[in-house]
Amino acid sequence: MKIKYNFLSPLLMAILTICCLWIVTDVAYGVRMWELGVDAWIGRIKALAIILIGVSLSYLFFNYLANTFLDRNKERRSRPVFREYLWVVLFNLVVLNIGLYIVIYSINGTTYRWGEALMINAVAVPIFLLYYFLIRNNILAKRYSEKIVQLEKLRVDQLETQLKLLKMQYHPHFLFNALNTIYFLIDEENEEAIEAVELLSDLLRYQLYDINTKVTIEEEIDYLRTYIQFQRLRMTKRLQFEESFDPELTGQKIHPLLFQPLLENAFKYIGGAYRIQVSMRKEGAKVCLGVSNTFNPDFLEQRKGKGIGIDNLRKRLELLYPDKHELRIKKDNTRFRVELCIDLSE
């Protein structure tokens, strides 16, 4: 359907334009169309072909012009400006008069008549302004429809994310209750097992009870430190771990559990030199977490399956901080580097 529209629009516009010009010039010179001879009609058909070429060029230029100005004027609600329509008039005058010159000299074989040219321009300019207005409105309508589709998709993604969060809350709740039972079954001399259960309980408790809409950075850092401590219990002694948390990160409010997937991946894919570096810092109104970990390329090659942690994180960031986050992921031969910066300004 789009191809038909692109083809028919210039054709119909060319027919409308040439018919209007014929009517105006015929009335001005007292010509009756039904009395024209074969040669005159052949000349008019040739003129129609010239007009069709000019209208096709106008169609392409008007689409480019409308898209360009609409992109520039987004913050001003895409209102038309004087310069935009001035370009339409100038382009129309150039293309129309070139075509008119070709028709008069090459097809009609007559001298150039300024009065006729001015009359044709006076009729054609409003027609092409209307044509540009229709093209511009069609582009606006298309963009609006695409925006509606994007908003609807975003709404569906948001509902899916909410459902996933509800499921995430259910599973930790079940595990939390189960851990309370296991805790009392562990031998008191097994200190590492007791510590692991206590740390895991703290993590689950944070997800279940300590989270409202937002938490303070200080609370989020405490959670991250607990998570790091829990993960280090299962690591070998050769793990080289470095962490740094900016002391200025205290009372700023943030949506929770946005940084944890980055730490989870670092512990999940650790290998090679067994080194993890974690740094959280304050940059103006932004909070940035940088995580890097070494890995074994051979082991990573065997694990070709794609995890869902980063994908879910991207979706949550788009919902919670659509224009206020930056996630950068880099990988070289032996190291992953991930940095997430979130602008917390209101």
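Structural data are supplied above this passage.
Small disclaimer: the values here were computed from a predicted structure and weren't measured.

Caption draft 1: Summary view of the packing of aromatic side chains. A full pass over the atoms with the stated rule returns 4 aromatic pairs. Judged by centre distance (5.3 Å) and plane angle (90°), the ring pair of Tyr85 and Tyr132 falls under edge-to-face. With Tyr85 in helix α3 (residues 82-108) and Tyr132 in helix α4 (residues 114-183), this pair connects stretches of sequence that are 47 residues apart. Residue Tyr85 is classed as partly exposed on the basis of its relative accessible area, which comes to 22%. Tyr132 gets classed as buried once you look at its relative accessible area, which sits at 0%. Each ring, one from Phe241 and one from Phe267, has its centre 5.9 Å from the other, and the planes form 15°; the classification is stacked. Residue Phe241 is found in strand β2 (residues 240-245), and its partner Phe267 is found in helix α7 (residues 260-268); the two are separated by 26 residues along the sequence. Like Phe267, Phe241 is buried. Aromatic rings pair up to connect Tyr269, Phe295 and Phe336 into one cluster. Between the NZ or CZ atom of Arg238 and the centre of the ring of Tyr274, over which it lies, the distance is 3.9 Å.

Caption draft 2: Main features of the nonpolar core. Of all hydrophobic cores here, the largest spans 39 residues; its most connected members are Ile254, Phe259, Leu262, Met280, Val287 and Ile342. When residues of this core are assigned to their parent elements, the largest contribution, 6 residues, is made by helix α6 (residues 217-232). Excluding anything up to four places from it in sequence, Leu262 contacts Leu289, Val291, Ile310, Leu313, Leu327, Val338 and Leu340.

Caption draft 3: Here's a closer look at the pairing of strand β6 (residues 325-331). In the sheet, β6 pairs with strand β7 (residues 335-343) via 7 bridges, with the strands oriented antiparallel. Across the sheet, Glu326 pairs through a bridge with Cys341, a residue of β7. The hairpin formed by β6 and β7 contains 3 residues between the paired strands.

Caption draft 4: Local environment of the pattern of salt bridges. As enumerated under the stated definition, the model contains 9 salt bridges in all. Ionic pairing is found between Arg136 and Glu84, a salt bridge with its closest N-O pair at 2.7 Å. Here Glu84 lies in helix α3 and Arg136 lies in helix α4, a separation of 52 residues in the sequence. With a closest N to O distance of 2.3 Å, Glu339 and Arg281 form a salt bridge. Here Arg281 lies in strand β4 (residues 275-283) and Glu339 lies in strand β7, a separation of 58 residues in the sequence. On the basis of relative accessible area, Glu339 is assigned to the buried category, the value being 17%. Each of the salt bridges in this network shares a partner with another, and the network as a whole consists of Arg281, Glu283, Glu326, Arg328 and Glu339.

Cut-offs used in this document
Residues numbered from 1 in each chain as written. Predicted model: local features only at pLDDT ≥ 70, side-chain atom pairs only at ≥ 80, totals over all residues. Heavy atoms only, no water. Phe/Tyr/Trp six-rings, centres within 6.5 Å; stacked < 30°, edge-to-face > 60°. Helix = DSSP H or I, 4+ residues; strand = E, 2+ residues; numbered from the N terminus. Buried < 20%, exposed > 50% of the residue type's maximum accessible area, 1.4 Å probe, protein only. Lys NZ or Arg CZ within 6 Å of the ring centre and 35° of its normal. Core = buried A, V, L, I, M, F, W, Y, C linked by side-chain atoms within 4.5 Å. Contact = heavy atoms within 4.5 Å. Pairing = 2+ DSSP bridges. Salt bridge = Lys/Arg side-chain N within 4 Å of Asp/Glu carboxyl O.

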